[in-house]
Amino acid sequence: MCSEDGASNVAESAVMRNLIIVDPSLKDHRGHHFELSQLIATEAARLGMSVHLLANVDFLDVSFGPNVTIHKLFDFTMYDRYVGGADRSEESAGEASEVFADMLDDALSQCGATVEDIILCHTTDAAMFRNMLAYHQKFGAEALPLHLATPYDERVMPGKMADFPLGQTIAELKRIASGKVFFWAETTPLANHLSALWNARVEPLILPIKSATAPLKNPSSPTIELSYLGAAREEKGFTLLPDLIAGVLDEPACEPIRFFVQCSPQIIGYLPPIKAALARLEPLEGDRVALQREPMASDVYARVLEQSDGLLLLYDAANYRVRGSGIAWDGVTSGKVLVTRSDTFPASLLVHGGGVVADDIDGWIKGVVDLCRNWETQQAAVKAQAEFFAKWASAERYLERIATRPNREVNALCAPFALIRSTRPALLRQLGEAV
């Protein structure tokens, strides 16, 4: 188990072990797949592990550094069915899983994998659960242990098929691969939810942070930059941005506020509601509103995050009540104010009140007005939040939880979260004055 200061014993047993990351959707430098694969792989290599990354055949020629071997192997991603209308018949899905099982077995043999090694799928959807079941069904006792982590609530999980109920897939994995398949979820709320839903042991595997807490902006800075980062997605509140931004720009107290909005398309392109929202944002573009229409490489994303004071995370509660968000995690662990919705994962991170939680445009606008009027109080709150979570969120701790899982009979202590219904910066100031 990890010690309280975040130190771990993973390095002691890492040398001469393999870490094999299975990620067929790792195709380019965009988004969660690239960021997480790179972070885990480079940290494992630093600890002395031999790392093999099983990626898509079209993955870019990118080096993750010494001791990391990239195998361009898979000719599919979890997004293919949305882009190309992939055949979703029972027969084709079964055949695809059979092909995957053979490909995975061949790749693991080439990597020299053994039962002592760690085989991780960090972004598992319903199709990948089926694929991993096919692997264990086909190879039985010779199949190697697997760690299957998911960021998805079953209700919104990609890759589901009526012919292959996910609950049945999980039950069959538990039956035929007991002690050889370990289930993980990216957040504590999601792990608790899936454990109850699947009647299975699902442990939290908290996303690692990329770096130490970023320095807070000088309080005398004349501007406060709020950013929307990531592809333009309806469930992440992109369609709410035109009204929010226009309302804030009309508030005299919000003169310091500047907006940076990444409006690049998601992998499946712009959906009609996103096109409509973008058309309403474009007239606002100017000195106080910057629109980023192209996807951002990881170094550009990191630079924009560092320059931001807060993040706009107006996530839909139905989709993000228990589901995690890497962008929200990046924000809270780097000392950013989060502007978000109640009863969502981003809101659960505001354990020191460093942000705005509301449920409608008027509430968010009032919260941003409060931000401007109580900025120093907010800076203290977000600093406390960043320090609180930093000790839970190292890549080394992430790897140690995986490495020690087979030998643990109970869940290891993981980062706590809070149920936040509402918070506004003015309330923090009033509490401080009362104390």
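Attention here is on the structure that accompanies the text. These numbers come from a predicted model, not from an experiment.

Thresholds applied
- Residues numbered from 1 in each chain as written.
- Predicted model: local features only at pLDDT ≥ 70, side-chain atom pairs only at ≥ 80, totals over all residues.
- Heavy atoms only, no water.
- Phe/Tyr/Trp six-rings, centres within 6.5 Å; stacked < 30°, edge-to-face > 60°.
- Helix = DSSP H or I, 4+ residues; strand = E, 2+ residues; numbered from the N terminus.
- Buried < 20%, exposed > 50% of the residue type's maximum accessible area, 1.4 Å probe, protein only.
- Lys NZ or Arg CZ within 6 Å of the ring centre and 35° of its normal.
- Pairing = 2+ DSSP bridges.
- Axes fitted to C-alpha atoms, helices over the stretch in contact; angles between N-to-C directions.
- Contact = heavy atoms within 4.5 Å.
- Core = buried A, V, L, I, M, F, W, Y, C linked by side-chain atoms within 4.5 Å.
- Arc of directions from axis to C-beta.
- Disulfide = S-S within 2.5 Å.
- Salt bridge = Lys/Arg side-chain N within 4 Å of Asp/Glu carboxyl O.
- Parallel < 35°, antiparallel > 145°, perpendicular 65-115°, else oblique.
- Left-handed = near helix turned anticlockwise from the far one by under 90°.
- Nonpolar A, V, L, I, M, F, W, Y, C, P; charged D, E, K, R; others polar.

### Some details on the packing of aromatic side chains
For step 1, the next point in the chain: Under the defined criterion, the tally for this structure stands at 14 aromatic pairs.
For step 2, the next point in the chain: Plain terms: the ring middles of Tyr135 and Phe139 are 5.6 Å apart, the flat faces sit at 45 degrees to each other, and that makes the pair tilted. Here the residue Tyr135 and the residue Phe139 both occupy positions in helix H5 (residues 126–139), the gap between them amounting to 4 residues, near one helical turn. With respect to class, Tyr135 is no different from Phe139; both count as buried.
For step 3, the next point in the chain: Taken together, the ring pairs connect Phe34, Phe59 and Phe64 into an aromatic cluster.
For step 4, the next point in the chain: Sitting over the ring of Trp184, Arg405 keeps its end group 4.7 Å from the ring centre.

### Section: the sheet that holds strand E6 (residues 181–185)
For step 1, the next point in the chain: Strand order in this open sheet of 7 strands is E3-E2-E1-E4-E5-E6-E7, and the pairing throughout is parallel. The sheet is open, and its two borders are formed by strand E3 (68–74) and strand E7 (202–204), each paired with just one other strand. For this sheet, the mean inter-axis angle between neighbouring strands, taken without regard to orientation, is 25 degrees.
For step 2, the next point in the chain: Strand direction decides the pairing type here: strand E5 (residues 146–150) and E6, joined by 5 bridges, are parallel. Of the residues in E6, the one forming a bridge with Ala149 is Trp184.
For step 3, the next point in the chain: Along the sheet face, H5 touches strand E1 (18–22), strand E4 (118–121), E5 and E6 and points at about 170 degrees away from the line of E5.
For step 4, the next point in the chain: Those strands touched by helix H16 (residues 395–404) are E1, E4, E5, E6 and E7, and its axis lies near 115 degrees from that of E4.

### Here's the deal with the nonpolar core
For step 1, the next point in the chain: Of all hydrophobic cores here, the largest spans 52 residues; its most connected members are Leu19, Ile40, Leu229, Trp329 and Leu349.
For step 2, the next point in the chain: At 6 residues, the largest contribution of residues to this core is made by helix H2 (residues 31–46).
For step 3, the next point in the chain: Core analysis: the next-biggest nonpolar cluster, separate from the first, contains 43 residues, Met78, Ala101, Leu104 and Ala191 among them.

### Notes on the sheet that holds strand E11 (residues 310–313)
For step 1, the next point in the chain: Pairing within the open sheet is parallel, and its 6 strands lie in the order E10-E9-E8-E11-E12-E13. Lying at the two open borders of the sheet, with one neighbouring strand each, are strand E10 (289–292) and strand E13 (355–358). The mean angle between the axes of side-by-side strands here comes to 15 degrees, regardless of whether they run parallel or antiparallel.
For step 2, the next point in the chain: Packed on one face of the sheet, helix H8 (residues 241–249) meets strand E8 (224–228), strand E9 (257–262), E10 and E11 and runs near 165 degrees to E9.

### Some details on helix H10 (residues 298–307)
Each α-helix turn comprises 3.6 residues. Residues three or four places apart therefore point the same way.
For step 1, the next point in the chain: Looking only at H10, the buried set comprises Tyr301, Val304 and Leu305. All buried residues of H10 lie within an arc of 100 degrees about the axis, which places them on one face of the element.
For step 2, the next point in the chain: Buried residues along H10 sit in contact with E8, E9, E11 and helix H12 (326–333).

### Describing the state of the cysteines
Here, the word disulfide means a covalent bond between the sulfur atoms of two cysteines.
For step 1, the next point in the chain: Taken as a whole and assessed by the stated rule, the structure comprises 0 disulfides.
For step 2, the next point in the chain: Cysteine Cys254 remains unbridged, with the sulfur of Cys372 as its closest cysteine sulfur at 4.1 Å.

### Focus: the pairing of strand E12 (residues 337–341)
A regular strand places its side chains on the two faces of the sheet in alternate fashion.
For step 1, the next point in the chain: Burial of E12 is extensive: 5 of the 5 residues sit out of reach of the surface.
For step 2, the next point in the chain: Both faces of E12 are covered, namely the face carrying Val337, Val339 and Arg341 and the face carrying Leu338 and Thr340.
For step 3, the next point in the chain: Two elements, E11 and E12, share 4 bridges in a ladder whose sense is parallel. Directly across from Leu312, in E12, lies its bridge partner Val339.

### Details of the pattern of salt bridges
For step 1, the next point in the chain: Counted under the stated rule, the structure contains 15 salt bridges.
For step 2, the next point in the chain: A salt bridge links Glu396 to Arg46, with the shortest nitrogen-to-oxygen separation between them at 3.8 Å. A residue pair is termed long-range when its members are at least 10 positions apart, and Glu396 in helix H16 and Arg46 in helix H2 qualify at 350 residues.
For step 3, the next point in the chain: With its nearest N and O atoms 2.7 Å apart, the salt bridge here joins Glu203 to Arg201.
For step 4, the next point in the chain: Residue Glu203 is classed as buried on the basis of its relative accessible area of 0%.
For step 5, the next point in the chain: Its relative accessible area of 31% is what places Arg201 among the partly exposed residues.

### Side note on the packing of H5 against helix H6 (residues 166–176)
For step 1, the next point in the chain: Across the interface, H5 lies against H6 with an axial gap of 10 Å and an inter-helix angle of 30 degrees. Between H5 and H6, the crossing angle belongs to the class labelled roughly parallel. When the axes of H5 and H6 are compared, the crossing they make is left-handed. In this structure, H5 uses Ala126, Phe129, Arg130, Met132, Leu133, His136 and Gln137 to contact H6, whose residues at the interface are Leu166, Thr169, Ile170, Glu172, Leu173 and Ile176.
For step 2, the next point in the chain: Residues belonging to the contact of H5 with H6 are distributed by class as follows: 8 nonpolar, 3 polar and 2 charged.

### Examining the packing of H8 against helix H9 (residues 272–281)
For step 1, the next point in the chain: Their axes nearest at 9 Å, the elements H8 and H9 cross at an angle of 20 degrees. It follows from the interaxial angle that H8 and H9 lie roughly parallel. Crossing angle aside, the handedness with which H8 passes H9 is left-handed. Packed against H8, whose contacting residues are Leu241, Pro242, Asp243 and Ile245, the element H9 presents Ala277, Arg280 and Leu281 at the interface.
For step 2, the next point in the chain: In the contact of H8 with H9, the residues fall into 5 nonpolar, no polar and 2 charged.

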